[in-house]
Amino acid sequence: MQNLGIKPIDSWLLVGAFASSSAFIFWWSIPETFPIGSLTMLIPLFLLSREERSLKVWTLALAGSLAITTTNFSAGIAAALFSKQRQKIFKISFFALLLILVLSFLQKSYLPSANYFFDRSVAGERHFVPTSTDPRGSLPGRALDFAVYTGVVPDKLIRMIRPTNGIPGMFLPYSLKIFTGLSSIPVLCWIALISIGSIELFRNFELNFAKALFSFILIQFALHMFYGDQPFLYSAHFLPGFILLISLGFRPRAAPRAQLALSRACLVTFIFTGFPLNLNSFINAAHVAASFSGNSQ
């Protein structure tokens with residue numbers, strides 16, 4: 001964010017919004033690869049923001065984005081496509097893929113239970129694409145989930161899915177009506193911040209970073225309209241993209257004083273109202289999950 005010209009104080013406030021978001025509170029607290037996957041998708045955008053020219057560094061960055069899941073590769077491609085190395089993107093992608101294949105064979109040699117790269121990492125992705133109409137929500141509902149639930153989730157109304165494999169599931173219903181009273185405040189602030197950031201993105205679309213960030217978010221949006229159970233489950237991966245989008249509304253050269261004041265007010269309000277709401281939602285979800293675990297035993 002500071003590479004984009006954002007003041008340190010605003011950068012720290014944006015980090016506070018990151019830590020207050022539902023995606024952070026839910027997914028950085030479990031022993032999974034979400035934080036690592038998020039980092040590998042963020043590194044290519046960081047290299048783009050600092051105008052990195054090293055071919056080796058870009059190759060490692062694209063390999064890292066591909067190492068977690070094949071869909072995360074979109075972050076590396078989007079950033080490299082608008083970088084100083086855009087003319088060598090096919091060369092970078094080839095060596096990144098070659099590096100992943102070599103590491104896959106190396107991993108198999110000391111960890112026999114591991115799968116080769118194409119055994120599961122590519123072919124296995126197809127299992128996450130629903131083969132029939134998703135009973136959990138329509139495309140507008142998924143869009144709401146993608147854009148809003150990444151920042152704020154409701155503290156109640158967790159609906160249950162009838163288990164098909166013996167493992168019960170739960171998900172959040174798709175509706176803005178479930179946010180009432182004080183819980184609507186962080187939602188309105190999040191929507192305002194996303195809106196201001198989007199306006200600044202298109203106002204400064206001549207910037208390579210803006211083009212790459214737009215491409216990354218658009219790819220993630222299109223992907224999660226049909227991929228996986230619920231976009232919120234994968235929100236850790238595209239949360240940094242949203243924070244960077246919001247940060248564009250804090251560039252002093254682009255934003256007038258009145259807009260900066262409004263953005264800062266929304267940001268501070270989101271931190272102080274969104275954090276307790278999202279934390280309470282997480283605690284409620286943990287209690288529901290624990291009750292299912294107890295019933296199954």
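None of these values were measured; they are calculated from a predicted model. The numbering scheme is per chain: residues are counted from 1 as the chain's sequence reads. At least 70 in pLDDT is required for a residue's local features to be given in this predicted model, at least 80 for side-chain atom pairs to be given and counted, and no such filter applies to totals for whole chains, interfaces and linings, which use all residues. Only hydrogens and water are removed before side-chain values are computed, so all heavy atoms of the structure are retained for them.

(A) Examining the packing of helix α3 (residues 34-49) against helix α10 (residues 208-224) more closely. Every axis in this analysis is a line fitted to C-alpha atoms, fitted for helices over the stretch in contact. Angles between the N-to-C directions lie between 0 and 180 degrees. Secondary structure is summarised from DSSP: a helix means a run of H or I of at least four residues, a strand means a run of E of at least two, and numbering begins at the N terminus for each. In contact at an axis separation of 9 Å, α3 and α10 are set at 165° when each is read in the N-to-C sense. Our classification of the angle between α3 and α10 gives roughly antiparallel. Between α3 and α10 the crossing geometry is right-handed. For the pair α3 and α10, the contacting residues are Met41, Leu45, Leu48 and Ser49 in the first and Asn208, Phe209, Ala212, Leu213, Phe216 and Gln220 in the second. The class makeup of the residues in the contact of α3 with α10 is seven nonpolar, three polar and no charged. Throughout, the term roughly parallel applies to angles under 35 degrees, roughly antiparallel to angles over 145, roughly perpendicular to angles from 65 to 115, and oblique to all others. Crossing handedness: left-handed means the near helix sits turned counterclockwise from the far one by under a right angle, and right-handed means the same turn made clockwise. The contact rule is simple, with two residues in contact once any of their heavy atoms fall within 4.5 Å. Residues are grouped as follows: Ala, Val, Leu, Ile, Met, Phe, Trp, Tyr, Cys and Pro are nonpolar; Asp, Glu, Lys and Arg are charged; every other residue, Gly included, is polar.

(B) Up close: the pattern of salt bridges. Here a salt bridge means any side-chain nitrogen of Lys or Arg lying within 4 Å of a carboxyl oxygen belonging to Asp or Glu. Per the stated rule, a full pass over the model turns up three salt bridges. With a closest N to O distance of 2.4 Å, Arg50 and Glu52 form a salt bridge. Buried means the residue's accessible area, taken with a 1.4 Å probe over protein chains only, is under 20% of the maximum for its type, while exposed means over 50%, and partly exposed covers the values in between. Residue classification places Arg50 among the partly exposed positions, given a relative accessible area of 44%. We note a salt bridge from Arg203 to Glu200, for which the minimum N-O separation is 2.9 Å. Residue Arg203 and its partner Glu200 are located together in helix α9 (residues 184-203), separated by three residues, close to a single helical turn.

(C) Here's a closer look at a nonpolar patch on the surface. A cluster of nonpolar side chains, contributed by Phe94, Phe95, Leu98 and Val102, occupies part of the molecular surface with about 370 Å² of accessible area. Within the secondary structure, Leu98 is located in helix α6 (residues 89-110). Each patch groups residues whose relative accessible area exceeds 30% and which form no salt bridge, using 9 Å between like charges and 5 Å between nonpolar side chains of Val, Leu, Ile, Met, Phe, Trp and Tyr. For the accessible areas, the method is Shrake-Rupley and the probe is 1.4 Å, while residue cover comes only from the protein chains on display.

(D) Focus on the environment of Lys108. Relative to the assigned elements, Lys108 resides in helix α6. For Lys108, a relative accessible area of 23% translates into the label partly exposed. Discounting residues that sit within four places of it in the chain, Lys108 has contacts with Ala114 and Tyr116.

(E) Here's a closer look at unusual backbone geometry. One non-glycine residue, Glu51, lies in positive phi territory at about 55°. In this fold, Glu51 is placed in the loop between α3 and α4 (55-68).

(F) Broad picture of the packing of aromatic side chains. Working definition: rings of Phe, Tyr and Trp (its six-membered ring) pair if their centres are within 6.5 Å, and the pair is stacked with planes under 30 degrees apart, edge-to-face with planes over 60 apart, and tilted otherwise. For the structure on display, the rule yields 19 aromatic pairs. Here the aromatic rings of Phe205 and Phe214 are separated by 5.6 Å at their centres, their planes lie at 85°, and the arrangement is edge-to-face. Under the relative-accessibility criterion, Phe205 is labelled partly exposed at 28%. Overall, the relative accessible area of 28% leaves Phe214 in the partly exposed class.

(G) Structural context of helix α11 (residues 235-247). Expected span of a helix: the number of residues minus one, times 1.5 Å. With 13 residues, α11 extends 18 Å between its outermost C-alpha atoms, agreeing within 8% with the 18 Å of an ideal straight helix rising 1.5 Å per residue. Of all 13 residues in α11, 13 are buried; the element is thus mostly enclosed.

(H) Structural view of the confidence of the model for the protein chain. A residue's pLDDT is the confidence the predictor assigns to it, expressed on a 0 to 100 scale. On average, residues of the protein chain carry a pLDDT of 83, and 84% of them reach 70 or more. For the protein chain, per-element mean pLDDT is lowest for helix α7 (residues 117-122), which scores 59, and highest for helix α1 (residues 8-20), which scores 95.

(I) Highlighting α6. Taking 1.5 Å of rise per residue, 22 residues should cover 32 Å, and α6 covers 32 Å from first to last C-alpha, within 8% of that figure. Residues of α6 that are buried include every one of Ile89, Ile92, Ser93, Ala96, Ile100 and Ser104, and no others. One side of α6 carries all its buried residues, which in axial view fall inside an arc of 115°. Set apart from the buried face of α6 by more than 90 degrees, the exposed residues are Phe90, Phe94, Phe105 and Ser109. The directions considered for the arc are those from the helix axis to the C-beta atoms.

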